[in-house]
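# Report on the structure
Each chain, written out:
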Amino acid sequence: MQRPYPYRSTIVIAIICALAILFVAVYAKGRGTVPSRNDPAISSTGNTNIQSDPNDESNSIINSDTNWKDQFMNVATSTKTKPSTAITAIATATPLTLTDALGQTFFTNFAKLKQANLTTDDQSVQSVIEQTINNTVAAASTPKTYSTLDIIISPITSPTSIHAYGNAVALAFTNNAPRMDAMTIASRAMDTNDMTILKQIDPVIASYDKMIKAILAIPAPRVFSSGHVDLVNSLSLLLYVARGLRNVDTDPMQTLVAVGGYQPAQVALRDALFTMRDYFNTNNVSFINTEPGSFFGTVR
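All of these numbers come straight from a predicted model, not from anything done at the bench.

## Focus on the packing of aromatic side chains
Centre distance and the angle of the planes are the two values used to describe a pair of aromatic rings. One pass over the structure, following the stated rule, counts nine aromatic pairs. One aromatic cluster in this structure is built from Tyr 165, Phe 173, Phe 224, Tyr 279, Phe 280, Phe 287, Phe 295 and Phe 296.

## Regarding unusual backbone geometry
With phi around 55 degrees, Asn 193 is a residue other than glycine that occupies positive phi space. In this fold, Asn 193 is placed in the loop between α8 (182-192) and α9 (201-216). Its identity is not glycine, yet Asn 284 carries a phi of approximately 55 degrees, on the positive side. Turning to its location among the elements, Asn 284 is positioned in the segment after α12 (262-282). Overall, Asn 284 belongs to the exposed group, its relative accessible area being 72%.

## Regarding the pattern of salt bridges
Under the criterion given, the structure shown has three salt bridges. Ionic pairing is found between Asp 202 and Arg 246, a salt bridge with its closest N-O pair at 2.8 Å. Of this pair, Asp 202 sits in helix α9 while Arg 246 is found in helix α10 (residues 225-246), placing the two residues 44 residues apart along the sequence. What makes Asp 202 partly exposed here is its relative accessible area of 35%. Two residues, Lys 213 and Asp 209, come together in a salt bridge whose shortest N-O distance is 3.2 Å. Remark: Asp 209 and Lys 213 occur in helix α9; sequence separation between them is four residues, near one turn of the helix. Accessibility expressed as a relative area gives 55% for Lys 213, which makes it exposed.

About the cut-offs
- Residues numbered from 1 in each chain as written.
- Predicted model: local features only at pLDDT ≥ 70, side-chain atom pairs only at ≥ 80, totals over all residues.
- Heavy atoms only, no water.
- Phe/Tyr/Trp six-rings, centres within 6.5 Å; stacked < 30°, edge-to-face > 60°.
- Helix = DSSP H or I, 4+ residues; strand = E, 2+ residues; numbered from the N terminus.
- Buried < 20%, exposed > 50% of the residue type's maximum accessible area, 1.4 Å probe, protein only.
- Salt bridge = Lys/Arg side-chain N within 4 Å of Asp/Glu carboxyl O.

Purely geometric stuff here, so don't read any function into it on its own.
Shown next as structure tokens:
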């Protein structure tokens with residue numbers, strides 16, 4: 001049974017890394033010295049524990065660059081975590097991003113600790129960190145979740161109808177699947193410090209959106225309705241991750257939360273396709289090479 005999204009441990013680790021950076025920066029500033037971002041004392045060492053197929057080019061960012069979280073942290077601490085960002089946002093009535101909210105909450109609570117001379121009290125500091133984590137996770141956007149109420153259910157379960165269903169779903173994939181990986185694009189943008197590259201994620205977002213709409217429009221066999229919903233939700237999570245990566249330059253903390261769903265989304269999509277393939281096999285439904293449904297034979 002899959003654990004429900006989001007993986008709280010992944011999010012907590014990511015946010016603790018960010019808060020550690022914030023805490024050291026504030027503490028150093030109070031002493032009159034602000035370490036540079038490249039100072040080992042404020043580097044991020046969060047481990048994502050993400051695994052992927054080394055032969056899958058779309059997952060190359062996971063295999064070749066284990067410091068992607070460090071890159072996100074560098075973006076997060078460059079401008080968005082400064083108190084002036086949150087103050088400016090409030091003054092201009094601009095809605096706070098998740099990154100702004102994180103910085104504002106942390107600095108407000110840290111200021112209270114400093115006034116009470118509790119900055120050296122480990123228990124008090126830990127309490128502030130936990131409060132900031134809870135507030136940040138609660139405020140983060142989440143992927144849209146679908147249920148059987150959102151799909152079209154067909155009472156017909158003949159081999160012919162199941163065969164047509166398989167071809168329709170496969171066609172939705174082949175016609176709308178994104179040609180690039182959002183994680184790879186975002187990594188390239190950060191590696192080159194060229195955030196205009198993030199625009200290349202827009203077609204990826206559009207592709208996932210089209211796939212979801214196309215699959216929702218396909219009547220699913222009643223006995224396979226849950227499998228159909230699982231497929232849609234896996235794509236919804238991929239869409240959520242892509243949108244988070246698109247805004248890494250403006251809201252890196254929301255990106256961190258979204259990226260926590262990258263591996264779960266891949267696993268969920270693979271599992272949904274496996275389940276669908278097994279459903280066809282159980283009902284003795286097969287597809288010839290010239291049919292869209294032959295796509296399920298390539299699922300590994």
